[in-house]
Each structure stands twice: as structure tokens, then as C-alpha cells.
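Structural features, examined
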Amino acid sequence: MKQFPDEKGYFGRYGGRFVPETLVEPVKELEAGFRKYCGDDDFQQELDEILRDYVGRPTPLSYAKRLTEHLGGAKIYLKREDLLHTGAHKINNAIGQVLLAKRMGKHRIIAETGAGQHGVATATAAALLGVECIVYMGAVDVERQALNVKRMNLLGAKVVAVDSGTRTLKDAINEAMRDWVTNVKTTFYCLGSALGPHPYPEMVRNFHRVIGQEAREQILKAEQRLPDELVACVGGGSNAIGLFHAFLDDESVAMVGVEAGGYGIASGKHAARFSGGSAGILHGTYTHMLQNHDGQIQETHSISAGLDYPAVGPEHANLAELGRATYTYADDEAAKDGFRALSRYEGIIPALETSHAVAYVLKRAPELAKDKIMIINVSGRGDKDLEGVAS
Ligand SMILES: *Cc1c(COP(=O)(O)O)cnc(C)c1O
């Protein structure tokens, strides 16, 4: 299929660069750095070495034998991003961006974080590569996520509690943007998902596409053929696009993104942008989001903090419109079932985010014949989620 984004950063009609005047130059400089270094063999070699020796790539593609037999339908494979250092896929992107920052001569990294997962990944990369790290976090989240705040502090990052607005993720993003504008000469803004103004969605995809490249090789080796269906949970959409990207031209491979259904679509308390949202601009990109008739951003809810965001990455909005990928949702209760099922049948406690993808497969696999193959992206491990889900 056609390669996206175009030179202006559009995936079909989605994406682009909607930033205030003061951010136009910083974002252009970032794009120039990204084009210059990420196409460079030296950069790629250093990144590959870190991914192999420190992060733990390649991750296995494991056949889920007991879960497959239990469900009695399609054969299920698991792409094990949960086994990476720090326990989730986010480290792929954090290492890539911090390495790029250093090449661009920026030794001060800023990031925003909600639940703290992206903050921890960025603080880890900054410690490894020896640069300063400042993480903006809503004051409410600082309290709710005390353990991740401790982790970031221990890793040498400075966590700044943001006291404006609702004192959560979107306020932290605004504060990080303000910092970037003020300190652009020394500072690199490390963004955590396939979101934001061009070139972030493309760049973040770039650092995660290794997931799908490995999975494609691994399934061809194990089964001598391509899978029938890929499944991943979708917050901003980085782990999903990381898995999907290498398969976009393989027309026989279906792709399913699973959003957070929260308390159910009817309740209005969810983060299922494709089931209850519409197109608009948020944080620099034109995409699908949850908003009311006046364009006010709607409050979202999910049992998993990583899926709890009002907008989805623009590439997913385009894949949905083209019909190349489909998007569904699993509610909180279904996610808990997924959490327990992968634990009991495979000895793998998945992140609650991942559990949404598992929940979909619990329904879907029995509908498929036994010679069909599904791959679930296990985006992270669930140690962080033990409280709140009864065994
Ligand atoms: C952050 C997170 C997600 C959601 O982010 P995406 O950008 O949609 O991948 C999913 N799973 C885990 C484990 C996470 O930490």
C-alpha cells in the first residue's frame, strides 16, 4: 500500500503539524535531525547494539499452547515485549529518541508522563546515555503513582509536579511544551506514543517497527507462513503500529486494535475513540478523539492508565478509514478476564493494557478454524497492576 506519512506529515487526511508559532522552528529542527541521523548507518548500528545488549532484543515469539487448546480455535502466538528491560515496549522508543537527542547535541531531555511508564522508560534511557532528564507529571498522578516517581528519582531524573488544570496528563503535556519553547537550544522533547505533531508519529513508529519485523521473521520460521490476524491494544497506538507496520503490504493479514471500553460505551466513561469519537485537533495533530459538540475534550476512563487518553495516533485514524485495520474495544471487566486468562493458562501476567488485546482474543479465537494463526502483542508485564484485580 501507499507509504505514509507524506512530506507534510499526513496519513491520508490525518496527522500534520498544528503547533503554535513558537514551536514551528523546534519541530522543524527535530525533523531535520531525525532525517539526518536515523538514516545513518552509524546511528542504526549503535541503536541495534543497545537494543540487543541492554534492552533485550529480539524478544521471543511464543506459541501459547495451553491458551490455544483451552479456546479450541485459532493458534495463538505471543510477541513478548513484556520481557524487555523495564517490562514494556516503551523502552524501544525512549532509547531511540534519547540517542537521537545526543546526536543532535541536546543533553537535556524532557518528557511528560501520566501513569509514569513513559517517564520511567525515558529516565532509564537518560541514565544509560548520561544526559539530564526532567519529567513533567500532573500533581494528582504524582500522588497516585508514587512507586514510579520513586523509580524516576532513583534513576536520576527530576520529577516536576504540575499543579495547573486537572493536574493530570494533559496539563503535564502543556507544561513540557512550555519548557521546550523556553529551552529549545539545549532541550529535546521525548514524546511517549505515536502522537503529536509531525514528525513524532513517524519517528515513534520508526523506533517500534522492529517489533513487527522480528515477528514476521519469527512466524515465517515457525509456521512457514504469515499469520491471519494481528492483535494489539491501542492507547496512543505505538505498540500496535510497531507490530502492524511490517505487515501493511501483506493483504491477507488482518489487523485489529483494541481500545479501552472502560465502564462501557453507553456510560460515556471509556477511551474508545473509534467507537465514540470524532475528528479534531489535539496536541499538534489532526486525529480521532473524544470531544463534545463544542470541541471540548471529554474525560476518559480506563482500568489501565496506559490506554486512558482522549486521542489516538493519526496513522491509526487513517488505517481505520482505509479499512486496512479495524478497531474494537474491551471494557474493564473483559480486560480483567484477559489478565487472569493469560496468567492461568500461560504463566504470563500481562499489563492491564495488554489484557484488552487478550480479552478480544478470548472471544475471537474460538470463532476461527484451528489452522488460523493469531499474534497478540504482549506490550508489557502486569506486576504493576496486581492491586485492583482480584485473583
Ligand atoms: C503505555 C502502554 C500502552 C499504550 O501505549 P501505546 O502507545 O498505545 O502502545 C500499552 N501497553 C503498555 C504495557 C504500556 O505501558
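Rules behind the numbers
Residues numbered from 1 in each chain as written. Predicted model: local features only at pLDDT ≥ 70, side-chain atom pairs only at ≥ 80, totals over all residues. Heavy atoms only, no water. Helix = DSSP H or I, 4+ residues; strand = E, 2+ residues; numbered from the N terminus. Rg over C-alpha atoms; globule rule 2.2 N^0.38 Å. Buried < 20%, exposed > 50% of the residue type's maximum accessible area, 1.4 Å probe, protein only. Contact = heavy atoms within 4.5 Å. Lys, Arg positive; Asp, Glu negative; His and termini not counted. Charge placed at Lys NZ, Arg CZ, Asp CG, Glu CD. UniProt positions renumbered as here; feature names shortened; annotations may be inferred. Polar contact = N/O pair within 3.5 Å; in protein donor to acceptor, adjacent residues only side chain to side chain. 1 Å grid on protein atoms, 1.4 Å probe; cavity = no way out; pocket = protein on both sides within 12 Å on 5 of 7 lines; lining within 4 Å. Points joined across faces, edges and corners; volume = space filled by probe spheres on them. Nonpolar A, V, L, I, M, F, W, Y, C, P; charged D, E, K, R; others polar. Pairing = 2+ DSSP bridges. Axes fitted to C-alpha atoms, helices over the stretch in contact; angles between N-to-C directions. Core = buried A, V, L, I, M, F, W, Y, C linked by side-chain atoms within 4.5 Å.

Broken down by element type, the chain carries 15 helices and 14 strands. For the chain, whose C-alpha radius of gyration is 19 Å, the value lies close to the compact-globule estimate of 21 Å for 391 residues. Based on the C-alpha atoms only, the size of the chain along its principal axes is roughly 55 × 50 × 40 Å. Classification of the 391 residues of the chain by burial places 58% in the buried group. Restricting the contact set of the chain to residue pairs at least 6 apart, pairs at least 24 apart contribute 73%. Averaging the coordinates of the 44 positive side-chain charges in the chain and doing the same for the 50 negative ones gives two points 2 Å apart.

What follows deals with the UniProt feature "modified residue: N6-(pyridoxal phosphate)lysine" (unreviewed entry) in the chain. The sites that UniProt annotates as "modified residue: N6-(pyridoxal phosphate)lysine" (unreviewed entry) are K90. Residue placement: K90 occurs in helix α4 (residues 90-103). The contacts of K90, once residues within four sequence positions are left out, are Q117, H118, A121 and H208.

By the secondary structure assignment, K384 is in the segment after β14 (373-378). The spatial distance from the C-alpha of K384 to the C-alpha of N148 is 9.6 Å, given a sequence separation of 236 residues. Polar side-chain contacts of K384 include one of 2.9 Å to the side chain of E353. Here D385 takes part through its side chain, which lies 2.9 Å from a polar atom of the side chain of K384.

Within this model, the second largest pocket holds a volume of roughly 210 Å³. Along its surface, the second largest pocket is lined by C38, Q44, L47, D48, L51, N206, F207, R209, V210 and Q213. Put simply, the parts of the chain that give the lining of the second largest pocket at least two residues each are α2 (41-55), α9 (200-208) and α10 (210-223). A per-class count over the lining of the second largest pocket returns five nonpolar, three polar and two charged.

Here the focus is the UniProt feature "domain: Tryptophan synthase beta chain-like PALP" (unreviewed entry) in the chain. The UniProt record annotates "domain: Tryptophan synthase beta chain-like PALP" (unreviewed entry) at residues 56-379. This span, residues 56-379, is 41% helix and 20% strand, and a straight line between its end C-alpha atoms measures 14 Å.

Two pairing modes exist for strands in a sheet, parallel and antiparallel, and in both the strands are linked by backbone hydrogen bonds. Read from one edge to the other, the open sheet built from four strands follows the order β7-β6-β5-β8, with strand pairing classed as parallel. Two strands lie at the open edges of the sheet, namely β7 (158-162) and β8 (187-189), each paired on one side alone. Pairwise comparison of adjacent strand axes, ignoring direction, gives a mean angle of 25 degrees for this sheet. In this sheet, strand β6 (residues 132-138) lies alongside strand β5 (residues 108-113) in parallel orientation, the contact comprising six bridges. Paired with T113 across the two strands is M137, which belongs to β6.

Core analysis: the biggest nonpolar cluster contains 56 residues, and F43, L100, F188, Y189 and M203 have the highest contact counts within it. Residues within four places of F43 in sequence aside, it is in contact with Y37, C38, G96, L99, L100, R103 and F207. L67, V231, V361 and L368 belong to the second-largest nonpolar core, a separate cluster that totals 26 residues.

Quick look at the side chain of H316 now. Take H316: it is sitting in helix α13 (residues 314-322). Leaving out residues up to four positions away in the same chain, H316 has contacts with V234, G236, G237, A240, I241, F244, F274 and Y327.

A cis amide bond, omega 0 degrees, links F4 with the succeeding residue P5. Its place among the elements puts P5 in the segment before β1 (10-11). Of note, the bond from R57 into P58 is cis; its omega dihedral lies within 30 degrees of zero at -5 degrees. By the element assignment, P58 lies in the loop between α2 and β3 (61-63). Even without a glycine there, the phi angle at R167 is positive, about 60 degrees. Examined against the element boundaries, R167 turns out to sit in the loop between β7 and α8 (169-182). Residue R167 is classed as partly exposed on the basis of its relative accessible area, which comes to 34%.

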